[in-house]
Amino acid sequence: MASNPVPDHVPPEMVRDFSLFTSAGMLPTPNGDPHAAVACVHAGPPIFYSPYNTHNGRGTWVITRTRDQRRVLQDAETFSSHRSIFASVLGENWPMIPLELDPPAHGIFRSLLNPLFSPKRVMVLEPVVRERAIALIDRIAASGTSCDVMKDFAFPFTVNIFLGFLGLSDDRLDIFVGWANDLLHGDDVKRPAAARMIVAFIDELAAMRRKEPVADFMTFVVQAEVEGRPLTDEEVRGTGVLLFVAGLDTVAAAIGFDLAYLARNPKDQDLLRSEPDRIGFAAEELLRAYPTVQMIRVATKNIDFEGAPIRKGDYVSCATMIANRDPAEFKCPNTIDLAREDNRHAAFGYGPHRCLGSHLARREIVIGLEEWLARIPGFRIKEGMAPITYGGHVFGIENLILDWS
Amino acid sequence: MRIIVHHATCQGHARCWAQAPDIFKLDDEGYILPGDINVAEGDELLASRGAQACPERALEIDRTAAALESVFIQSRV
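Residues numbered from 1 in each chain as written. Chains lettered and ligands numbered in written order. Predicted model: local features only at pLDDT ≥ 70, side-chain atom pairs only at ≥ 80, totals over all residues. Heavy atoms only, no water.

- An unreviewed UniProt entry lists chain B under the name Ferredoxin, with Microvirga lotononidis as the source organism.

Spelled out as structure tokens, the structure:
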């Protein structure tokens, strides 16, 4: 794969042959462990330059230490998140909101949306989430002693909750999963095609809710006001698209990685099944071990950062999966200890862009694990099957066939 | 013991609240209420766990004499 030339200001000794897209274990790998694969960067320097570290082959600085990622992500003035990652797929330039807005505009939209995703609001949503998990798992348990977790549980579960937010039924569930998959993992033809479908869908939904309001997220967005004015069409679209992009793949992937871990570690599986009170705590360790997202920021000015000459316009990568394996922050970072204390992991990022959906995501993961372990007896990876994992912008797992015969 | 709340650093992770909802109170957006927290004697372990859970390092544990005094004064009011 061709990559852009390394910029002149990057000292050659700071360049490393590492990429979340192309390094060993990042491409689709049977029985892979992409999180362990990236942990190897901690044997090297705390910051280095990767010449190929985005979808479209751009170079980024890579921040490996948790402490340094916290510093970058907390300083939105120096490290901007406005880079139109979705719109650029269409050759356009508009922000997903609030993720790709910088302060102070960011705070205005964030304050608008925060109450919809607050811990208290999530407590209200919990019964519906649990009901959905139980219905799916009961159906799986009734239909045999094996299933594909991703296809039969993780995606239908998380996409259903997302659709519930949008006041939509499950009819088009497979279509949405397909769009999300194409957008995140598709080629240069599939990605823009999926992006166009998603934009058309959000625009159409917004128009429908303007005409006939109901009690759902898009109605809230089209009726909302910021600074005494309604949102523009572009702002409505940017907000809807972010909900779509952020809500579909990430939680499903987390549930997949978690159940794959438990399938391979029967002792931990038995422990959580017999003592379900531990699941909330254990889920934090699994979030540490198997986070899914790489955050990229753009330097707004020249800054010398921990010995790296970062220049205005440079990309700076804060990969959660790298921070979460930092030995300076976590004792024995590559050991999964479901009772780990002092676990201030980076799975939801740091700073003002901390994942808006983190409280909902946490509940979905915990409820998913609770109901799965309560209803499915001792499970393992089905003999002869090898779940395929992959790295990239959002880490994932596919084809997770479990067996409990 | 007193918890110094660096309110501007709070980003609404709510990990303190998850540890001790009665000590760490959140606003409607899910961010910590401004103002330092005087911790009652029996709540110290729970409060320090909550403070240590903050991913942003927004909560600082203050065990100085002044902190003890402010708790003492509060308990008499």
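Having put the structure on the table, let's press on.
1. Brief notes about the overall build of chain B
(1) Moving on: Within chain B, the regular secondary structure consists of 3 helices and 3 strands.
(2) Moving on: When the helices and strands of chain B are read in sequence order from the N terminus, they spell out β-α-β-α-β-α.
(3) Moving on: Residues classed as buried in chain B amount to 43% of the 77 residues present.
(4) Moving on: Counted over contacts in chain B with a minimum sequence separation of 6, partners at least 24 positions apart contribute 69%.
(5) Moving on: Split by element, the accessible area of chain B, about 4,200 Å² in all, is 52% carbon and sulfur. (Helix = DSSP H or I, 4+ residues; strand = E, 2+ residues; numbered from the N terminus. Buried < 20%, exposed > 50% of the residue type's maximum accessible area, 1.4 Å probe, protein only. Contact = heavy atoms within 4.5 Å. Areas by Shrake-Rupley, 256 points an atom, 1.4 Å probe, with all protein chains shown as cover.)

2. Here's the deal with the overall build of chain A
(1) Moving on: Across its full length, chain A carries 13 helices and 15 strands.
(2) Moving on: Projected onto the principal axes, the alpha-carbon positions of chain A cover approximately 60 × 55 × 40 Å.
(3) Moving on: Buried residues in chain A amount to 58% of all 405 residues.
(4) Moving on: Accessible area for chain A stands at about 16,500 Å²; split by element, carbon and sulfur atoms hold 54% of it.
(5) Moving on: Computed over 42 positive and 52 negative side-chain charges, the separation of the two mean positions in chain A equals 2 Å. (Lys, Arg positive; Asp, Glu negative; His and termini not counted. Charge placed at Lys NZ, Arg CZ, Asp CG, Glu CD.)

3. With respect to the pairing of strand E1 (residues 2-5) of chain B
(1) Moving on: The pairing of E1(B) with strand E2 (residues 37-38) of chain B spans 2 bridges and is classified as antiparallel. Bridging from a neighbouring strand, B:Ile3 pairs with B:Ile37 of E2(B). (Pairing = 2+ DSSP bridges.)

4. Focus: the sheet that holds strand E5 (residues 146-148) of chain A
All names here are of chain A.
(1) Moving on: Taken in spatial order, the 3 strands make up an open sheet running E5-E15-E12, and their pairing is antiparallel. With partners counted over all chains shown, the strands left at the sheet margins are E5 and strand E12 (380-381), one partner each.
(2) Moving on: When E5 meets strand E15 (residues 401-403), the two strands line up antiparallel, connected through 3 bridges. The partner of cysteine 147 across the bridge, within E15, is leucine 402.

5. Some words on the pattern of salt bridges
Residue and element names in this part refer to chain A.
(1) Moving on: Enumeration over the complete set of coordinates arrives at 28 salt bridges over all chains.
(2) Moving on: In this structure, the salt-bridge partner of arginine 130 is glutamate 371, at a minimum N-O distance of 2.6 Å. Of this pair, arginine 130 sits in helix H4 (residues 119-142) while glutamate 371 sits in helix H13 (residues 358-375); the two residues are 241 residues apart in sequence, bridging distant segments of the chain.
(3) Moving on: A single salt-bridge network, built from bridges that share partners, covers Glu126, Arg130, Asp138, Arg363, Glu370, Glu371 and Arg375. (Salt bridge = Lys/Arg side-chain N within 4 Å of Asp/Glu carboxyl O.)

6. Some thoughts on the interface of chain B and chain A
(1) Moving on: Taken together, the contacts link 19 residues of chain B with 21 residues of chain A.
(2) Moving on: Together, the buried faces of chain B and chain A total about 1,700 Å²; carbon and sulfur atoms form 45% of this surface.
(3) Moving on: On the chain B side of the contact with chain A, B:His13, B:Glu29 and B:Arg57 bury the most area, a combined 30% of that side's loss.
(4) Moving on: Linking chain B with chain A are 2 salt bridges.
(5) Moving on: Ionic pairing is found between A:Glu284 and B:Arg15, a salt bridge with its closest N-O pair at 3.2 Å. (Buried area = accessible area lost by both parts, 1.4 Å probe.)

7. Details of the side chain of A:His42
(1) Moving on: Take A:His42: it is sitting in the loop between helix H1 (34-39) and strand E2 (47-50).
(2) Moving on: Note on A:His42: relative accessible area 12%, which makes it buried.

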